[in-house]
Amino acid sequence: MSTERAVVVGASHAGVQLVTSLRQEGWSGDIVLVGDESALPYQRPPLSKAYLAGKCSLKELAIRSEDFYVKQDVERVTASVQEIDRSAGELVLGTGDRLSYDALALCTGAHPRRLRAEGADLDGVHYLRRSSDVERIREDAIPGRNAVIVGGGYIGLETAASLRSSGLHVTVLEAADRVLERVTAPEVSAFFTRIHQEEGVDVRTNASVEALVGDTRLREVVLASGESVRADFVIVGIGIEPTTELAEAAGLVVDDGILIDAHARTSDPDIVAAGDCTSQDIPRYGRRIRLESVPSAVEQAKVAAATICGKDKEVAALPWFWSDQYDLKLQIAGLNTGYDDIVVSGAPTRDRDFTCYYLRKGEPIAADCVNRPRDFMTTKRMLTQRAAVDMAALTAEVAV
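Residues numbered from 1 in each chain as written. Predicted model: local features only at pLDDT ≥ 70, side-chain atom pairs only at ≥ 80, totals over all residues. Heavy atoms only, no water.

As annotated in an unreviewed UniProt entry, the protein is 3-phenylpropionate/trans-cinnamate dioxygenase ferredoxin reductase subunit from Nocardioides massiliensis. Of the comments in the UniProt record for the protein, the one headed Cofactor (unreviewed entry) reads "FAD". (UniProt positions renumbered as here; feature names shortened; annotations may be inferred.)

Q: So what about helix α7 (residues 294–308)? Which residues, and what values?
A: Compared with the 21 Å implied by 1.5 Å per residue over 15 residues, the 21 Å span of α7 between its first and last C-alpha is a close match. With 13 of its 15 residues buried, α7 lies for the most part within the structure. (Helix = DSSP H or I, 4+ residues; strand = E, 2+ residues; numbered from the N terminus. Expected span 1.5 Å × (residues − 1). Buried < 20%, exposed > 50% of the residue type's maximum accessible area, 1.4 Å probe, protein only.)

Q: Explain the nonpolar core to me, and be specific about the residues and the numbers.
A: Ranked by internal contacts, the top residues of the largest apolar core, which has 56 residues, are Leu163, Val170, Phe192, Phe233, Cys356 and Tyr358. Each residue touching phenylalanine 192, except ones within four places of it in the same chain, is listed here: Leu157, Leu180, Gln325, Leu328, Leu330 and Val370. Counting 26 residues, the second largest nonpolar core, distinct from the first, contains Val19, Leu33, Tyr69 and Ala297. (Core = buried A, V, L, I, M, F, W, Y, C linked by side-chain atoms within 4.5 Å. Contact = heavy atoms within 4.5 Å.)

Q: Break down the packing of aromatic side chains for me, citing the residues and quoting the values.
A: As enumerated under the stated definition, the model contains six aromatic pairs in all. Pairing tryptophan 320 with tryptophan 322 gives two aromatic rings, centres 6.0 Å apart and planes at 35°, and the pair type is tilted. Residue classification places tryptophan 320 among the partly exposed residues on the basis of a relative accessible area of 26%. Through successive ring pairs, a cluster of aromatic residues spans Phe191, Phe192 and Phe354. One Lys or Arg, arginine 64, reaches over the ring of phenylalanine 68 and ends 4.5 Å from the middle of that ring. Here the basic side chain of arginine 138 rests over the ring of tyrosine 51, its NZ or CZ set 4.3 Å away from the ring centre. (Phe/Tyr/Trp six-rings, centres within 6.5 Å; stacked < 30°, edge-to-face > 60°. Lys NZ or Arg CZ within 6 Å of the ring centre and 35° of its normal.)

Q: How would you summarise the sheet that holds strand β19 (residues 271–273) if you had to cite specific residues and measurements?
A: A sheet is described by the order of its strands in space; here five strands give the open sequence β3-β2-β1-β7-β19, paired in parallel fashion. On the outer flanks of this sheet lie β3 (74–78) and β19, each paired with one strand and no other. If you compare each strand with its neighbour and ignore which way they point, the axes differ by 20° on average. Where strand β1 (residues 5–9) lies against strand β7 (residues 103–106), four bridges are found, and the strand directions are parallel. Bridge pairing links valine 9 to leucine 106 in β7. Across the sheet, helix α1 (residues 13–24) lies against β1, β2 (30–35), β3 and β7, angled at about 175° from β2, the strand it touches most. (Pairing = 2+ DSSP bridges. Axes fitted to C-alpha atoms, helices over the stretch in contact; angles between N-to-C directions.)

Q: Which residues make up the pattern of salt bridges, and what are the values?
A: Going through the model one piece at a time under the given rule, you end up with 29 salt bridges. Ionic pairing is found between aspartate 133 and arginine 136, a salt bridge with its closest N-O pair at 2.8 Å. On the criterion of helical spacing, the pair formed by aspartate 133 and arginine 136 is a turn pair, its members being three residues apart in helix α3 (residues 131–140). Since its relative accessible area comes to 12%, aspartate 133 is described here as buried. Its relative accessible area of 42% is what places arginine 136 among the partly exposed residues. Arginine 352 is the salt-bridge partner of glutamate 199, the closest N and O atoms lying 3.2 Å from each other. With glutamate 199 in the loop between α5 (186–198) and β12 (202–204) and arginine 352 in the loop between β24 (341–346) and β25 (354–360), this pair connects stretches of sequence that are 153 residues apart. For glutamate 199, a relative accessible area of 28% corresponds to the partly exposed category. (Salt bridge = Lys/Arg side-chain N within 4 Å of Asp/Glu carboxyl O.)

Q: So what's going on with the sheet that holds strand β14 (residues 218–223)? Which residues, and what values?
A: On the basis of which strands lie adjacent, the open sheet formed by three strands has the order β13-β14-β15 and antiparallel pairing. Taken across any chain shown, the strands that pair with only one partner, and hence form the sheet edges, are β13 (209–214) and β15 (228–230). Neighbour-to-neighbour, the strand axes of the sheet open up by a mean angle of 25°, direction not taken into account. Two elements, β14 and β15, share three bridges in a ladder whose sense is antiparallel. Looking at the pairing, glutamate 220 lines up with arginine 230 of β15.

Following this line, the structure appears as structure tokens:
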């Protein structure tokens, strides 16, 4: 029996997949999963959806059961990690203890970007990343109250849908010209704006927050235009930032995420990383990018585990994402980075299902599929195989 110890920092989707894959790849030594939350590692995407709406418990969101960790002989340690001592092969924990490792994986995830505005520290200002965040939001989310969402990205819109469905008055404030501006075509942005407005959400664009006003408790949000919006509480959803402080302090190369190669190795070949904390080259799209998605975190974790076990695997899966809002399931295949044309199948100005295909020089590179799972699966297969595509045949119904 090997006496080597693999330590995974971060009890996230990536972290749990990594310890799972280590055993599958044949690691026979000790495995330690370090996380700073006492609960079993849980799925995070439902936090802004079913969990916020009270439709499921935290136990139901557990990625793996307690029995799994026992059967796989994975030790769970609840502690923060203060330092990586690379020369000694040890971690310094927040408890003051030191934990030795022979193989180290960083799955430290990401944290919400903070709102830089006067009054951002008032009571009633929330961020949403952990289950404890949702518990605090629930205390404020009483039907009939006024909720203000700062940020019209996926998290902001998902949260708006959950709160509106729970009977709150919801206002979404987006600083850009349109919601989802950074990640979708204007036609997709217009669709989601229409849906939220039909559901009773007040969606405001070009709405920059100047200040949050109240005594000790939030009372209103003041915009750069001078307009004020009544708010019983605010949820800030303006993006996330990779949690890389530990890696930076250890001297690893960081650039909008811990840089990893195709084998999930960091600049220290003895340390791997996976998940939202990482940045990697994606040759298909000709750029280095940080992918904020569970499927990508899982794929990276599988490769990282193989690398630790001395096997030659590479991250190669097509990026894909999803978002649930009301009765809508948006499934995204590929990355639309650098698209120069789109083809829309369906009628997004009228219906609640359609697909937006993104093209670059005539070649499909991504698709946003709303309530069209067949289009999503077809696009994933098409992009993976990189076969020649007849777009006219692919889109049986094209909106005009």
